[in-house]
Every structure is written in structure tokens, then in C-alpha cells.
Amino acid sequence: MATTQTKTAARFMMSPAILLLLGWMIIPLSMTIWFSFQRYNLLMPGTEEWAGWLNYRYFLTDPAFFSAMANTLLLVGGVLFVTVVGGVLFGLLLDQAIYGQGIVRILVIAPFFVMPTVSALVWKNMFMNPVNGLFAWIAKLFGFAPFDFLAHAPLFSVTMIVAWSWLPFATLILLTALQSLDSEQKEAAEMDGAGPVSVFIYITLPHLARAITVVVLIETIFLLSVFAEILVTTNGGPGYDSTNLTYLVYSQALLTFDVGGASAGGIIAVILANIVAVFLVRIVGKNLES
Amino acid sequence: MARQITQRRKLFFTALAWTLGMLIFFPILWTILTSFKTESEAIASPPSLFFFSWTLENYTEVMERSNYFRFFMNSVVISVGSTLLGLLIAVPAAWSMAFSPSRHTKNILMWILSTKMLPPVGVLVPIYLIFRDYGLLDTRTGLVIVMTLINLPIIIWMLYTYFKEIPGEILEAARMDGASLAKEIIYVLTPMAIPGIASTMLLNVILAWNEAFWTLNLTAAKAAPLTAFIASYSSPEGLFYAKLSAASTMAIAPILIMGWFSQKQLVRGLTFGAVK
């Protein structure tokens, strides 16, 4: 069926998309690699020269890099933990027969559609603010001193805000996976005397395994690049306490204009993301075959 | 007896689900309510949930003071523009991969997916410099280009999974009946493809509307969309909770409504067909 003519037509139809993506990947990425070996600061034009591995050595031995790595891992890990556990629980809850299921689902999904700058500022000012925030009011109601979340627990606060935005995503996907679970299998197990806990461990959880993996991988890709939430709440501070890798590269590039150093950091971020991407691509690829 | 238990169980889970659902939704509800308060009521202690004197003054003030409409239009142009441009490029590509696949199709699809994994900071510096040199910084054109490119993989993938579901036999049947390629496309394929294209469009407008890395880094004043406008509230002077709420409500309302319509597509679009 696939004649030479249709083959040529297919290639012709595909080429704009492929060429654009290829250009988008190769041109800037090779520029980043080139810059990462240069001494290049926008504030000192004319001093550009080959720097070898110097940018990498500076970036990788900078104490800020270690805090940024630790913060990145804590942020990604914390959000993944909250959203996957919460997503499974919400998924199970919404999978029950309840009144107004559609409305509850809408309520739970809503945070995903709130733009990052809005969710960050709303949480920062109206909830976490130690003077006028709702949390401070609740604390005072119970006789506690208000807690300044963003000053004393900046990374935890950012994690909470981001987790709130991503819980809907995990819930939605896990719920979709739950709804495809064959109910006969569950009924049979219940008939044989299995309690709800063992049904969950031996039937539901294995069924969810792949959906959970997908949630973890996709969220990781997005969470490695959390940026706006940090920018508008803490600016990465105090010190480097809430600076992640993305924010560190941003501040080197657009605040201190160190093109070389920022590029080295960018390449490290690319390598990190690729480790995750390999697994994700493999899972999606397996699915494509079946 | 058994029915009574299931009824009680249903009521219990209903109460639990509604409570937790309201808890998750509360920050949004609170923002919407605060937007109708005066600034002093917005920080009043104890806070009032519904019983305050409702006012629209925050909305009028935000509109007047900050040229809100321009930011809104920037958001519309960038998200809709990049989606339409993306569809224009992606529809032929997804089409040919779904209907005349070759032995490379799978690899190409996987490669397209992998381009989405590129972290933005990996290309931030060169994109910024290229944009600076070509005068694209703080322009709608520049942002439409970037937004098209970062969402193109998702658009192609979503369209591909939708097109894949159109049965090939229907084409053969049309061909048997003597339909030409043009007729085939206009009368047979297009009507079947439109729902998928519409869903793809919806999801991508949402994603582009909320994108907050490139929009914050590549715009200043002229082309700044709502994400950047709201970010300008991060260093406030004086009382501002009610105005922040009004601005936020206006920024999220259209997308919230579109989002509720696109729940199902969201799963498909963001998992690349790995969860159905």
C-alpha cells in the first residue's frame, strides 16, 4: 500500500516538524556547550577566551552548587512523595460510589490550572504570611506564635506550594488507571475472603504500578525545572536555602551575566534530566508496541 | 441489611471526599472571595468567609491602574498563536506518521518525545542571546516562537494518538467507492479528526497560558503576559491582598473553565498515551 509516492509525501509532511525540533535542540544546545568552555561575561565584553573545564570546575566546587543539588533533590522528592501518596488516596476515594463525584473531581483538579505565579503569590501572602496570613490566624487561634514559613522553612514552603499544584495531576492519572481495573477480579478476591487491605496490596497496587511510574517520571521532568514558584516567593533565599539547580543557572545567567558559568550549569541540568528521560522514553516506547 | 451498610458507606465516603475536595480547592475559593473584599477586610482578623460588604472596586482598580487588558491580550495572543502555529506544523506530521508509518516512525516519535525532556535552563543562555541580537526580547513574536517549539512535541504526540484511533478500513472503503485523495481528506478524515484536534488545541492553550519560565525570562513590559503581570505583585507596597486576588482571579478564571472541560485530554496529552 505504501507506494513510493505516499512515502515521499509522508516525508514531506513530516519534515517541517522534524527540522524545527532538530534546530531547536541542536543549535541552542551546541551553543550552550560551546559557551560552557568559554570565559564569557556579558558585563565584561571583549574578555572572551577559551577556558577549558574551568567553568565546570568552578560550578561543581561552588558551595551554592551543593545546596542547589540538595534542594533540587529534596524538592523533587518531597513533591513526588506528597503527590503520589495523596494521588493514590484521592484516586481511591474518587473511585468509590459517592454523591456528586463529578463536582468533587473538579474541585480536586482545579489547582493544576492555576498558573505558577498566582499559586505561589496566593500561598505566600494569604496563607503563609506571618502577620496577615490565614495560617498565622489559625496558629493564634490555638494560642501558638505565628510561624514565618518562607523565612524559616523556605524549601518546605516551596515544596508545599508545588505539591498543591501537582496533586491534581497525580490524582487524575491514578484515578484513570483505577477506573480501568477489572472489578470482577476484585470481587472474586473479596469472595475468597480477602480484606480491603490485601485487595489493595495484591490487586490494586500492582495494577497501579505503571501509572505510578509514569506519574513519577513525568513529574520529575517538570519538577527539575521549578522556577516561577521560587522566583516570586523566596528569590532562592535566604542565602541559597531554596535555590534549586534551575534557579541557580538562571541567577548566574541573568543576574550576574556569567554566560560561561551558567552554560556549564545548564549542561549539568541537561545531563540530570536525561537520566530520568531515558527511563520515561523506554516506558512509553514499550507501550507504543503493545 | 447489606443495602443499609452500602448506603452508610456511601454517605461516609461522600462526606470525606467533599471535605478533602473543599480543602484542596480552598486556596482558589479564598482568592476569589478576597477579590470582592476591601483591602482592610482582606486582612481583617478574624477573617470573614462570606459576610463582608461585597465590592467590585478591586477589579476596576486593577484594570485601570495596570493596563490589565494589554497583559491579558498578550496571554491570548501567545497561547492561541503558538497553539495554532503548532497545529499547522504538527497536523501533517502526526497525520503521516499515523496513516503511512514507516519502520522509522517509532524512533522518530521517541525522539520527538525526548526533545520535550530538554530542561529550559540548558538552552536559556543561547536563546536569550539570540533573542537579544535579533530584537526578539520582549516581543510577542519571540514568545510565540518559543512556546510553539516547547509544546510541539506534546501537540504531535496527542494528535498522533487521536489519529491512530481512526480506523484505516474506512479509508479503503472510501477509496473503493472512488473517492479521490482530496475528497477522502475533506469528507472522511477531517470530520473524524476534528474532535482530537480540538482537544489538543484546548490542552495546549492551557499549557501555554500557564507557562512561567520563558514568559518571565524573555519579557519585560511590552509583551509580558499574565504570568509576568502577576509576578510583579511579588514586591508590594502597602495594602494589596484584595487587588492581588482580583488580578489572580481574572488571570485564572478562563483557564479554570477550559481546564474543567479538558480533564480527559489532560491525561492523554501529558502521559503521551502511556495511561488511558
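Residues numbered from 1 in each chain as written. Chains lettered and ligands numbered in written order. Predicted model: local features only at pLDDT ≥ 70, side-chain atom pairs only at ≥ 80, totals over all residues. Heavy atoms only, no water.

Quick look at the overall build of chain B now. Within chain B, the secondary structure is distributed over 13 helices and zero strands. By its C-alpha atoms, chain B is 75 × 75 × 35 Å across when sized along the principal axes. Expressed as a percentage of the 276 residues in chain B, the buried residues total 57%. The long-range fraction of contacts in chain B, counting pairs at least 24 apart against all pairs at least 6 apart in sequence, stands at 76%. For chain B, the accessible surface area stands at approximately 12,200 Å², while carbon and sulfur atoms represent 68% of it. Computed over 20 positive and 14 negative side-chain charges, the inter-centroid distance for chain B is 11 Å. (Helix = DSSP H or I, 4+ residues; strand = E, 2+ residues; numbered from the N terminus. Buried < 20%, exposed > 50% of the residue type's maximum accessible area, 1.4 Å probe, protein only. Contact = heavy atoms within 4.5 Å. Areas by Shrake-Rupley, 256 points an atom, 1.4 Å probe, with all protein chains shown as cover. Lys, Arg positive; Asp, Glu negative; His and termini not counted. Charge placed at Lys NZ, Arg CZ, Asp CG, Glu CD.)

When the parts come together, some accessible area is lost, and that loss is often what is quoted as the size of the interface. Residue and element names in this part refer to chain B. As assigned here, chain B comprises domain 1 (2-57) and domain 2 (66-271). Each partner contributes residues to the interface: domain 1 has eleven residues there, and domain 2 has twelve residues. For the pair domain 1 and domain 2, the summed buried surface comes to about 870 Å²; carbon and sulfur atoms form 75% of the total. It is Thr31, Ser35 and Glu39 in domain 1 that bury the most area against domain 2; as a group they hold 52% of the surface buried on that side. Scanning the region where domain 1 abuts domain 2 turns up one salt bridge. Taking the shortest distance from any N to any O, the salt bridge between Glu39 and Lys243 comes out at 2.9 Å. Here domain 1 is connected to domain 2 by four residue pairs in polar contact (both at pLDDT 80 or more). Mapped by element, the contributors of at least two residues to the side of domain 1 that touches domain 2 are α1 (2-34) and α2 (39-42). Element by element, the count of residues in the side of domain 1 that touches domain 2 is highest for α1, at five residues. Residue composition of the side of domain 1 that touches domain 2, by class: five nonpolar, four polar and two charged. (Domains from an automatic or database assignment. Buried area = accessible area lost by both parts, 1.4 Å probe. Salt bridge = Lys/Arg side-chain N within 4 Å of Asp/Glu carboxyl O. Polar contact = N/O pair within 3.5 Å; in protein donor to acceptor, adjacent residues only side chain to side chain. Nonpolar A, V, L, I, M, F, W, Y, C, P; charged D, E, K, R; others polar.)

Residue and element names in this part refer to chain A. Two numbers describe how helix α5 (residues 116-127) lies on helix α6 (residues 134-141): the axes approach to 6 Å, and their chain directions differ by 30 degrees. Facing Trp123, Met126 and Phe127 of α5, the residues of α6 in contact are Leu134, Phe135 and Ala136. Looking at side-chain class alone, the contact of α5 with α6 contains six nonpolar, no polar and no charged residues. (Axes fitted to C-alpha atoms, helices over the stretch in contact; angles between N-to-C directions.)

Counting residues at the interface gives 102 residues for chain B, matched by 92 residues for chain A. Each partner contributes to the roughly 8,800 Å² buried at the junction of chain B and chain A, and carbon and sulfur atoms together form 80% of this total. Interface area lost by chain B to chain A is led by Ile24(B), Met117(B) and Tyr241(B), which between them contribute 7%. Between chain B and chain A we count zero salt bridges in total. One can count eleven residue pairs in polar contact (both at pLDDT 80 or more) joining chain B with chain A. Here the side of chain B that touches chain A takes 20 residues from α1(B), the largest share from any one element. Among the residues forming the side of chain B that touches chain A, the class breakdown is 72 nonpolar, 21 polar and nine charged.

This part is about the packing of helix α9 (residues 183-191) of chain A against helix α10 (residues 196-223) of chain A. Residue and element names in this part refer to chain A. Axis separation between α9 and α10 bottoms out at 11 Å; the angle between their running directions is 150 degrees. Comparing their axes, α10 and α9 come out roughly antiparallel. Between α9 and α10 lies a crossing of right-handed hand. Two secondary-structure elements touch here, α9 through Gln185, Lys186, Ala189 and Glu190 and α10 through Val199, Ile203 and Thr204. In terms of residue class, the contact of α9 with α10 is made up of three nonpolar, two polar and two charged. (Parallel < 35°, antiparallel > 145°, perpendicular 65-115°, else oblique. Left-handed = near helix turned anticlockwise from the far one by under 90°.)

Residue and element names in this part refer to chain B. Tracing the chain through its elements places Val62 in helix α3 (residues 57-66). The sequence separation of Val62 and Leu244 amounts to 182 residues, and the corresponding C-alpha distance is 8.5 Å. With near-sequence residues (within four places) excluded, Val62 lies in contact with Asn67, Tyr68, Phe229, Tyr233, Lys243, Ala246, Ala247 and Met250.

Ranked by internal contacts, the top residues of the largest apolar core, which has 191 residues, are Trp24(A), Phe163(B), Trp214(B), Phe229(B) and Ile230(B). Counting only domains with at least three residues in this core, you end up with domain 1 (2-57) and domain 2 (66-271) of chain B. Sequence-distant contacts of Phe163(B), that is, excluding residues within four places in its chain, are made with Val91(B), Ala94(B), Trp95(B), Ala98(B), Phe99(B), Ala193(B) and Ile197(B). (Core = buried A, V, L, I, M, F, W, Y, C linked by side-chain atoms within 4.5 Å.)

Attention now moves to α5(A). Residues and elements named next belong to chain A. For α5, with twelve residues, the first-to-last C-alpha span of 16 Å sits near the 16 Å given by 1.5 Å per residue. Burial analysis of α5 places twelve of its twelve residues in the buried class, the great majority of the element. The complete set of buried residues in α5 reads Pro116, Thr117, Val118, Ser119, Ala120, Leu121, Val122, Trp123, Lys124, Asn125, Met126 and Phe127. (Expected span 1.5 Å × (residues − 1).)

Turning next to the packing of aromatic side chains. In this description, an aromatic ring pair is defined by two values, namely the gap between the centres and the angle between the planes. All told, the structure shown has 40 aromatic pairs over all chains when counted by the stated rule. Arranged with centres 5.3 Å apart and planes meeting at 35 degrees, the rings of Phe36(B) and Trp54(B) form a pair that is tilted. Pair noted here: Phe36(B) is in the loop between α1 and α2 and Trp54(B) is in the loop between α2 and α3, with a separation of 18 residues, a long-range link. Look at Trp54(B) and you get partly exposed, because its relative accessible area is 46%. Through successive ring pairs, a cluster of aromatic residues spans Trp123(A), Phe127(A), Phe135(A), Phe147(A), Phe149(A), Trp164(A), Phe26(B) and Trp30(B). Across the ring face of Tyr99(A), the terminal group of Lys10(B) is positioned such that the distance to the ring centre comes to 4.2 Å. The lysine or arginine in question, Arg70(B), covers the ring of Phe71(B), its NZ or CZ lying 5.2 Å from the ring centre. (Phe/Tyr/Trp six-rings, centres within 6.5 Å; stacked < 30°, edge-to-face > 60°. Lys NZ or Arg CZ within 6 Å of the ring centre and 35° of its normal.)

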